Amino acid sequence: MVDLSMSNLSKSQLTALNSSRKPFLTLYRGGMMMYTTIAILAVDFHIFPRRFAKCESFGISLMDAGVGGFIMSSALISRQVRSRLQVKTQKNPTKSSMFKRVLSSVSPMLVLGTIRFVLTRSVDYQIHVSEYGLHWNFFFTLAFVALFAALINPQQNSCGIIGATILFGYQIALSFFGLSDYILHHPRTDLISANKEGIFSSVGYFSLFLISIELGSFLLRKRTISEWKYDFVRLICLNIVLFALSSFFDSCVQAVSRRMANSSFVVCCLALNLFVLNLCLGFNLIMAPKMAETILETPLLRAVNRNQLPFFLLANLSTGAINLLVQTLFVKPFPSFLILSGYMFVLSFVAISWQIWNVSLKFW
């Protein structure tokens, strides 16, 4: 009787792990997005610990890692990953279809980035120029990543290699060709120098996106239970290697810098996010299927996963509106908590409503 129940448990676990909607990925992606949306508003209040805020030039904090986590989370289930897991029956795309695909991938990001720029300038909303530049913002970075991912469209087994090669070349330019000094110290005299952080850091984020596509293709494969456990151990070993590489790069190559998105930053983001992914996968492997579905895959997490980028956009718009209405740095702790709670309640309510109405907006 015991063997039979264990066998049924393994079969149920295997069904969940091999499904298109894996509980451990739902927990990782949904949780990362919820923490990100809390942080982007909470950082404007005095109650938010300053050590969690973004670093100016060097170092990595909770919010710095969150930027890399957003890129990595998007790549794990991107259309590049999904297309590589499908059997290819179509012929090579024509130039016309390729152009349409690239346009459809990039246009939403460019529109969102432009809207954000216009709104922040029209209301004189304070921005940190050293973060992305005078005109650039994170949506333009996402557009850059989407554009080159669609144009390059690397083969299934080459994303990681191409990403690592791009990162290596970018770090060479930073360390030996004066690019670091240009990004950190050159005056803003033209359009490129005015947005130097956003433009050049996009190269690092693009390499992170490509490497994460490779990881996503690996995680979404179908396996037996024993293969899942074996690959879980392999992922833990890879995580240890990434942490060791991160420490080496930070000490011997260049200090971690989100502002430049250098190799130390990219490897550190990979290590930190893979650590969280391994925790989620570990819980998924030891939990009974029903328990995993209840704890790891709540309706809110599923809703946020389904419309991750629109949810992030709504959070940005809400953050801007609250900052215009309230002098956040002067709000006392308890009212700050109430504002943050109301903000998250509204965002969660909208996400659940999208889920109920079967709304699905995909920009990747």
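Cut-offs used in this document
Residues numbered from 1 in each chain as written. Predicted model: local features only at pLDDT ≥ 70, side-chain atom pairs only at ≥ 80, totals over all residues. Heavy atoms only, no water. Helix = DSSP H or I, 4+ residues; strand = E, 2+ residues; numbered from the N terminus. Buried < 20%, exposed > 50% of the residue type's maximum accessible area, 1.4 Å probe, protein only. Contact = heavy atoms within 4.5 Å. Areas by Shrake-Rupley, 256 points an atom, 1.4 Å probe, with all protein chains shown as cover. Axes fitted to C-alpha atoms, helices over the stretch in contact; angles between N-to-C directions. Parallel < 35°, antiparallel > 145°, perpendicular 65-115°, else oblique. Left-handed = near helix turned anticlockwise from the far one by under 90°. Nonpolar A, V, L, I, M, F, W, Y, C, P; charged D, E, K, R; others polar. Core = buried A, V, L, I, M, F, W, Y, C linked by side-chain atoms within 4.5 Å. Expected span 1.5 Å × (residues − 1). Salt bridge = Lys/Arg side-chain N within 4 Å of Asp/Glu carboxyl O. Polar contact = N/O pair within 3.5 Å; in protein donor to acceptor, adjacent residues only side chain to side chain. pLDDT = per-residue confidence, 0-100. Patch = residues over 30% accessible without salt bridge, like charges linked within 9 Å, V, L, I, M, F, W, Y side chains within 5 Å.

1. Description of the overall build of the protein chain
And step 1. A tally of helices and strands in the protein chain yields 17 helices and zero strands.
And step 2. With 364 residues in all, the protein chain has 49% of them scored as buried.
And step 3. Long-range pairs, those at least 24 residues apart, make up 80% of the contacts in the protein chain with a sequence separation of at least 6.
And step 4. Looking at the protein chain as shown, the accessible area adds up to about 18,400 Å², and 69% of this sits on carbon and sulfur atoms.

2. Here's the deal with the packing of helix H7 (residues 138-152) against helix H16 (residues 308-325)
And step 1. Their axes nearest at 12 Å, the elements H7 and H16 cross at an angle of 160 degrees. Considered as vectors, H7 and H16 are oriented roughly antiparallel to each other. In the crossing of H7 with H16, the sense of the turn from one axis to the other is left-handed. Contact residues: Phe138, Phe139 and Leu142 in H7; Leu309, Phe312, Leu313 and Asn316 in H16.
And step 2. Residues that form the contact of H7 with H16 fall into these classes: six nonpolar, one polar and no charged.

3. Digging into the environment of serine 226
And step 1. Note that serine 226 resides in helix H12 (residues 225-253).
And step 2. Judged by its relative accessible area of 51%, serine 226 is exposed.
And step 3. Considering only alpha carbons, one finds serine 226 and serine 10, 216 residues apart in sequence, at a separation of 9.8 Å.

4. Section: the nonpolar core
And step 1. By size, the foremost hydrophobic cluster in this structure holds 80 residues, and its most contacted members are Phe24, Leu219 and Leu277.
And step 2. The element best represented in this core is helix H13 (residues 263-286), accounting for 11 residues.
And step 3. Counting six residues, the second largest nonpolar core, distinct from the first, contains Leu174, Leu179, Ile183 and Met260.

5. Quick word on H12
And step 1. Helix length check: H12, at 29 residues, gives a terminal C-alpha distance of 40 Å against a target of 42 Å (1.5 Å per residue), a fit within 8%.
And step 2. What H12 keeps buried is the set Ile225, Trp228, Asp231, Phe232, Leu235, Asn239, Leu242, Ser246 and Phe249.

6. What to know about the pattern of salt bridges
Note on pairing: side chains with opposite charge can pair once their charged atoms come close.
And step 1. Under the criterion given, the structure shown has six salt bridges.
And step 2. Where aspartate 64 meets arginine 258, a salt bridge forms, and the shortest distance between an N and an O atom there is 2.6 Å. Residue aspartate 64 is located in helix H3 (residues 62-76), and its partner arginine 258 is located in the loop between H12 and H13; the two are separated by 194 residues in the primary sequence.
And step 3. The class for aspartate 64 is buried, based on a relative accessible area of 0%.

7. Some thoughts on unusual backbone geometry
And step 1. Although it is not a glycine, alanine 261 sits at a positive phi angle of roughly 50 degrees.
And step 2. For alanine 261, the location among the structural elements is in the loop between H12 and H13.
And step 3. Among the residues examined, alanine 261 registers a relative accessible area of 0% and is labelled buried.
And step 4. One non-glycine residue, asparagine 358, lies in the positive phi region at around 60 degrees.

8. Regarding the side chain of serine 57
And step 1. Structurally, serine 57 can be placed in the loop between helix H2 (23-42) and H3.
And step 2. Of the polar contacts made by the side chain of serine 57, one reaches the side chain of arginine 259; its length is 3.0 Å.

9. Here we look at the confidence of the model for the protein chain
And step 1. Averaged over every residue, the pLDDT of the protein chain is 87; residues scoring 70 or more account for 88%.
And step 2. Note on residues 1-6: pLDDT is under 50 here. Beyond four places in sequence and across chains, it has zero contacts.

10. Side note on H2
And step 1. Given a rise of 1.5 Å per residue, 20 residues ought to cover 28 Å, and the 28 Å separating the end C-alpha atoms of H2 matches this to within 8%.
And step 2. The buried fraction of H2 is high, at 17 of 20 residues.

11. Structural notes on a nonpolar patch on the surface
And step 1. On the surface, Phe243, Leu272, Phe275, Val276, Leu279, Phe283 and Ile286 cluster together into a nonpolar patch covering about 630 Å² of accessible area.
And step 2. At six residues, the largest contribution of residues to the nonpolar patch is made by H13.
And step 3. Relative to the assigned elements, phenylalanine 275 resides in helix H13.

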